[in-house]
Amino acid sequence: MATQETVFPEKLGHKKYRAALKKEKRKKRRQNMARLRDLAAPPEEDDDVSADEQLTERLEMERQKLHEEWLLREEKAQEEFRMKKEKEEAARKQREEQERQIKLEWEEKQKKQREEEEQKLQKKREREEAVQKMLDQAENNGTWQNPEPPKELRLEKYRASCPFYSKTGACRFGNRCSRKHDFPTSSPTLMVKSMFTTFGMEQCRRDDYDSDASLEYSEEETYQQFLDFYYDVLPEFKNVGKVVQFKVSCNLEPHLRGNVYVQYQSEEECQAALSLFNGRWYAGRQLQCEFCPVTRWKIAICGLFEMQKCPKGKHCNFLHVFRNPNNEFREANRDLYLSPAGAGCSGKTSSDRRERKAHHEEYYSKPRASPSSPHRSSKRSRESERKSTHRRKKSHKQEAKGHERHSSRRRREEDNSPGPQSQSHRS
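Counting restarts for each chain: residues are numbered from 1 in the order of the written sequence. The predicted origin of the model limits local features to residues at a pLDDT of at least 70 and limits the giving and counting of side-chain atom pairs to 80 or more, whereas totals for whole chains, interfaces and linings rest on all residues. As a rule here, side-chain values cover all heavy atoms of the structure and leave hydrogens and water aside.

> How should empty space enclosed by the protein be read in this particular structure?
To find leftover empty space, a probe the size of one water molecule is rolled over the atoms. Of the two site types, the cavity is a set of points on a 1 Å grid over the protein atoms alone where a 1.4 Å probe fits but cannot get out, and the pocket is an open set with protein on both sides within 12 Å along at least five of seven lines, each lined by residues with an atom within 4 Å of a point. Grid points are joined across faces, edges and corners, and a volume is the space filled by probe spheres set on the points. Tallied over the entire structure, the rule returns one cavity of 30 Å³ or more. The space that makes up the largest cavity amounts to roughly 50 Å³. Lining the largest cavity are Trp297, Lys298, Ile301, Cys302, Gly303, Glu306, Asn333 and Arg334. At the level of elements, helix 6 (297–300) and helix 7 (303–306) are the ones that each hand at least two residues to the lining of the largest cavity. Secondary structure elements follow DSSP: runs of H or I no shorter than four residues count as helices, runs of E no shorter than two count as strands, and numbering proceeds from the N terminus.

So, in structure tokens, the structure goes:
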């Protein structure tokens, strides 16, 4: 192909001619490059098509692989769902079966109960008919015979009486005690459970009891609380009748803690006090009153407590009681006159009575300590009690010796006397 010669217009300058020539060369160069690009274009398009096809195939394979994985997961999830459904269905069936069994057992039990009740009613009707028949026969024949006792009748096994209940009116085992508690239907002594309370007693009721918690209050403060309680409560009990004995327990055991014992002169007064005070409220607590079998205080009160030698302390099962102010009701402590056990004291000699009366007057004629000094008054009371007991023992010994001398002299006279005279003397 022959090259076309470029025709330039005439009358061009040298610079313009050179610029037009360069422009024409650039145009030819671009045309040549375009022809070459056109010739090489078909092979490049084929390469692009093959690359796209490979990319498409690879993407299709990856999609297929992901689809297969999804199908596997779906199948696995379906299997798990099916197994879960089967387990739930089995559990539901088992629960229904258990409910059905329980219902059948309950119906069977109810049926047995109805049958037993019907049998009992039938037996009761038979017994009533038999008794009615016997009554009719007795009315017709004019004779009467007691019916035979039932075969299932059993005599109650003998149980010994509880010594602690008979002595203190309370037992630490309560209704669980293996021995018998003889609850009195009437008694001159009234017991009010847990009527008196202090800080230490309240702390003992707690589960997290700390033995050092009661150290914050001294014995003098506790005794002062008792005195306040004593002067507040005793006039109320005296309004009902004559009070023979008044004791307040300071034990920490639950069955004795804060119990108040009031002994009246007669059982009628005690019954009136029970009907008056039972169920009333005092210091935010409702009172629980009951008859108490205690009438002998010498065996109810711990003998070692007064000497402060009790090994069990305030956890003793015998009564540890507060000392009454002015040593009131002191004679009832030893069962001298007023308790039933001291009824035999009426046979004592008049000299012994005069001696006790003189000692009583001598003791009460002395100046008494104020209630705020319990230790000095308790010491004096213990000394006076020791002196009085020593005097009583001494008088008893002298009386016993005198009786022995008199009886021996009488025996000697009877032995030395002749037979008829001795017989007449004996007659």
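From this point, the narrative continues.
> Is there a simple way to explain unusual backbone geometry in this structure?
Backbone geometry follows two general trends: most residues other than glycine have a negative phi, and most peptide bonds adopt the trans configuration. Backbone geometry places alanine 283, a non-glycine residue, at a positive phi of 55°. Note on classification: 1.4 Å probe, protein chains only; a residue is buried when its accessible area is under 20% of the maximum for its type, exposed when over 50%, partly exposed between these limits. A relative accessible area of 58% places alanine 283 in the exposed class. At asparagine 327, a residue that is not glycine, the phi angle is positive and equals roughly 55°. Structurally, the position occupied by asparagine 327 is in the loop between helix 7 and helix 8 (330–333). For asparagine 327, a relative accessible area of 6% gives the class buried.

> I would appreciate a short explanation of the pattern of salt bridges in the present structure.
Once their charged atoms are close, side chains differing in charge can pair, the charge on each being opposite to the other. Here, a salt bridge means any Lys or Arg side-chain nitrogen found within 4 Å of an Asp or Glu carboxyl oxygen. Throughout the structure, instances matching the rule amount to ten salt bridges. Across the salt bridge formed by glutamate 328 and lysine 238, the nearest N and O atoms sit 3.3 Å from each other. Of the two residues, glutamate 328 is situated in the loop between helix 7 and helix 8 and lysine 238 in helix 4 (residues 219–238); the sequence distance between them amounts to 90 residues. Relative accessible area serves as the criterion here: at 26%, glutamate 328 is assigned to the partly exposed category.

> Would you explain a negative patch on the surface in this entry?
Excluding any residue in a salt bridge, patches collect residues exceeding 30% relative accessible area, merging like charges within 9 Å and nonpolar Val, Leu, Ile, Met, Phe, Trp and Tyr side chains within 5 Å. In this description, accessible areas are obtained by the Shrake-Rupley approach with a 1.4 Å probe, and a residue is regarded as covered only by the protein chains that are shown. The convention is simple: Lys and Arg are positive, Asp and Glu are negative, and His and the chain ends are not counted. A charged residue contributes its charge at one atom only: NZ of Lys, CZ of Arg, CG of Asp or CD of Glu. Where like charges cluster on the molecular surface, the negative patch consists of Glu115, Glu116, Glu117 and Glu118. With respect to the secondary-structure elements, glutamate 117 resides in helix 1 (residues 14–141).

> Explanation requested: the pairing of strand 1 (residues 189–192) in the structure shown.
Regular strands have side chains that alternate between both faces of the sheet. Alternating residues of strand 1 divide into Thr189 and Met191 and Leu190 and Val192, and every residue in both groups is buried. Here the rule is simple: two strands pair whenever DSSP picks up at least two bridges between them. Direction of pairing for strand 1 relative to strand 6 (residues 289–292): antiparallel, over a ladder of four bridges. In the sheet register, leucine 190 faces strand 6, and the bridge partner there is phenylalanine 291.

> Looking at this structure, I do not really get helix 5 (residues 267–277). What am I missing?
For an α-helix, 3.6 residues make a turn, and residues three or four places apart therefore share a direction. Among the residues making up helix 5, those that are buried are Cys270, Ala273, Leu274 and Phe277. Down the axis of helix 5, the buried set is contained in an arc of 100°. They therefore lie on one face. Within helix 5, the exposed residues directed more than 90 degrees away from the buried face are Glu268 and Ser275. On its buried side, helix 5 packs onto strand 1, helix 4, strand 3 (260–264) and strand 6. Summarising the geometry, the arc corresponds to the directions from the helix axis toward the C-beta atoms. The contact criterion used throughout is that any non-hydrogen atoms of two residues lie within 4.5 Å.

> Got a minute to help me understand the pairing of strand 3 in this structure?
Counting buried residues in strand 3 gives five out of five residues, a clear majority hidden from the surface. Along strand 3, one buried face is formed by Val260, Val262 and Tyr264 and the opposite face, lined by Tyr261 and Gln263, is buried too. Inspection of the sheet shows strand 1 paired to strand 3 by four bridges, in the antiparallel sense. For threonine 189, the partnering residue across the bridge sits in strand 3 and is glutamine 263. Of the strand pairs in this sheet, strand 2 (residues 243–248) and strand 3 are connected by five bridges, and their pairing is antiparallel. If you follow phenylalanine 246 over to strand 3, its bridge partner there is valine 262.

> What's the story with the side chain of serine 249 in this structure? I'm lost.
Of note, serine 249 is situated in the loop between strand 2 and strand 3. Residues adjacent in sequence count toward polar contacts only when both atoms are side-chain atoms; beyond that, a polar contact is any pair of N or O atoms within 3.5 Å, and within protein one must be able to donate a hydrogen and the other to accept it. Within the structure, serine 249 has its side chain in polar contact with the side chain of asparagine 251 (distance 2.8 Å). Among the polar contacts listed, one links the side chain of serine 249 to the backbone oxygen of leucine 256, at a separation of 2.9 Å. Not counting residues up to four positions away in its chain, the partners in contact with serine 249 are Met201, Leu256, Gly258, Asn259, Leu319, His320, Val321 and Phe322.

> Whenever I open this one, the confidence of the model for the protein chain confuses me. Can you help?
Confidence of the predictor at the level of single residues is given by pLDDT, which spans 0 to 100. Overall, the predicted model of the protein chain reaches an average pLDDT of 77, with 66% of residues at or above 70. Ignoring residues within four places in sequence, the model shows residues 337–350, a span with pLDDT below 50, making 22 contacts including any to other chains. Note on residues 363–377: pLDDT is under 50 here. Beyond four places in sequence and across chains, it has 22 contacts.

> Looking at this structure, how should I read a positive patch on the surface?
On the surface, Arg18, Lys22, Lys23, Lys25, Arg26, Lys27, Arg29 and Arg30 cluster together into a patch of positive charge. The residue arginine 29 is located in helix 1 in this model.

> In this structure, what is going on with the nonpolar core? I would like to understand it.
Across soluble globular proteins, nonpolar side chains have a tendency to be buried as a group. Among the buried residues, those of types Ala, Val, Leu, Ile, Met, Phe, Trp, Tyr and Cys that are joined through side-chain atoms within 4.5 Å form a nonpolar core. Judged by nonpolar contacts, the single largest core of 30 residues is most densely connected at Phe237, Phe246 and Val260. Counting only elements with at least two residues in this core, the list comes to strand 1, helix 4, strand 2, strand 3, helix 5 and strand 6. Per-element accounting of this core gives the leading share, eight residues, to helix 4. Not counting the four nearest positions on each side in its chain, phenylalanine 237 is found in contact with Leu190, Val192, Met195, Val243, Phe246, Val262, Tyr264 and Phe277. One finds Met191, Leu256, Trp297 and Ile301 within the second-largest nonpolar core, a separate group that totals eleven residues.

> Just checking my understanding: could you explain the side chain of glutamine 245 for this structure?
Position of glutamine 245 relative to the elements: it lies in strand 2. With a relative accessible area of 0%, glutamine 245 lands in the buried category. If we skip the residues at most four places from it in the chain, glutamine 245 touches Tyr261, Val262, Gln263, Trp297, Asn324, Phe329, Ala332 and Asn333.

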